[in-house]
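Below, each chain spelled out in residue letters.
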Amino acid sequence: MALPLPTSLSPSKVASFKDCALAFRFSNIDRLPEAPSAAATKGTLVHRALELLFCEPAPGRTLDAALACLERARTEMATDPELVGLGLDAAAEAAFAADAEVLVRKYFALEDPRTVHPIGMELLMEARVGSLTLRGIIDRLDLDADGGLVVTDYKTGRVPGVAHEQSRLGGVHFYAFLCERVLGRRPSRVQLLYLSQPVAIVAEPSAQSVRGLEQRTTAIWEAVERACAEEDFRPRPSELCNWCSFRDYCPAFGGDPARARELVGAG
Ligand code: SF4
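What counts and what doesn't
Residues numbered from 1 in each chain as written. Predicted model: local features only at pLDDT ≥ 70, side-chain atom pairs only at ≥ 80, totals over all residues. Helix = DSSP H or I, 4+ residues; strand = E, 2+ residues; numbered from the N terminus. Expected span 1.5 Å × (residues − 1). Buried ≥ 20, exposed ≤ 12 C-beta atoms within 10 Å, placed from the backbone. Arc of directions from axis to C-beta. Contact = placed C-beta atoms within 7 Å. Pairing = 2+ DSSP bridges. Domains from an automatic or database assignment. Nonpolar A, V, L, I, M, F, W, Y, C, P; charged D, E, K, R; others polar.

## A look at helix 6 (residues 90-110)
Here is step 1 of the chain: A rise of 1.5 Å per residue sets the reference length of helix 6, with its 21 residues, at 30 Å; its end C-alpha atoms lie 31 Å apart and thus fit the reference within 8%.
Here is step 2 of the chain: Inspection of helix 6 places Ala100, Leu103, Val104 and Tyr107 among the buried residues, and these make up the whole buried set. Within helix 6, the buried residues cover an arc of 95 degrees as seen down the axis, which keeps them to one side. In helix 6, the exposed residues that point more than 90 degrees away from the buried face are Ala90, Ala91, Ala94, Ala95, Ala98 and Ala109.
Here is step 3 of the chain: Buried residues along helix 6 sit in contact with helix 3 (38-53), helix 4 (63-77) and strand 4 (189-194).

## Side note on the pairing of strand 3 (residues 149-155)
Here is step 1 of the chain: Across the seven residues that make up strand 3, a large majority, six, are buried.
Here is step 2 of the chain: As paired elements, strand 2 (residues 132-143) and strand 3 share four bridges and run antiparallel to each other. Residue pairing for strand 3: aspartate 142 is matched across the bridge by valine 150.
Here is step 3 of the chain: Counting the residues between successive antiparallel strands, the hairpin from strand 2 to strand 3 contains five residues, one of them, glycine 147, with a positive phi of roughly 85 degrees.
Here is step 4 of the chain: The pairing of strand 3 with strand 4 spans six bridges and is classified as parallel. Along strand 4, the bridge assignment pairs lysine 155 with tyrosine 194.

## A closer look at the pairing of strand 2
Here is step 1 of the chain: In the sheet, strand 1 (residues 118-129) pairs with strand 2 via ten bridges, with the strands oriented antiparallel. Residue pairing across strands places valine 129 opposite leucine 132, the latter belonging to strand 2.
Here is step 2 of the chain: Between strand 1 and strand 2, which pair antiparallel in sequence order, lie two residues; one of them, glycine 130, sits at a positive phi of approximately 60 degrees.

## Quick word on the domain arrangement of the chain
Here is step 1 of the chain: Under the domain assignment, the chain is made up of domain 1 (1-31 + 117-234) and domain 2 (38-114).
Here is step 2 of the chain: Taken over C-alpha atoms, the centre of domain 1 sits 24 Å from the centre of domain 2.
Here is step 3 of the chain: Elements supplying a minimum of two residues to the side of domain 1 that touches domain 2: strand 1 and strand 2.
Here is step 4 of the chain: Partitioning the side of domain 1 that touches domain 2 into residue classes produces seven nonpolar, three polar and three charged.

Here it is as structure tokens:
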């Protein structure tokens, strides 16, 4: 019996399928719960702090204001299951907050928020490509000095190495494609702001790069459809296994995928 298809693809789902088809299946088709991750939760917190910062009038977007926004974001998240689920003790929580503060401070090395002209934040965009829905959330959409659209995506994890250059740029083209489809205009610039380094990866999308994204995403969708039809999602061990919530059920580590349903009760 064929497995049900996921309802949409996002940049992270595309990356997840390419990284390991079995983990993609557990997460996106079986919808098994995953253990909360401190890195992902820190990312949520920092994204929220920067979103709050850009709600301030331009002259008020100072470092002090950003740190106050971080405090506010922490208060908002205090009872959030994502944060509570980490089970941090006082010392770990202090380290978590300090790490988040470092990321906010480093953001200021990448741009001066007082000079940015945002026109939208946390924008959910969807576009159809054949039978597939592509979906992504744009952290921030700005206008540049010439009235062009600029897409900004904050990254709180590590900068991918050269070996993953294609996948990091894949995200750029994905956002450019969504903008073109939804707003009718290709952005003049897409920037990925890696706060931990800090480093900005900036690209100027072209008609060709957006078309290439459409072709590559269609090919991945066909591979997902094939895997669902044949119920064939294979493990692909890599360093990512160290953080995988499904390792105990992964045949690459002697586990039984059929037992993974246990996680539904545990989550
Ligand atoms: S442990 Fe590794 S190979 Fe197995 S499902 Fe997770 S990511 Fe894939």
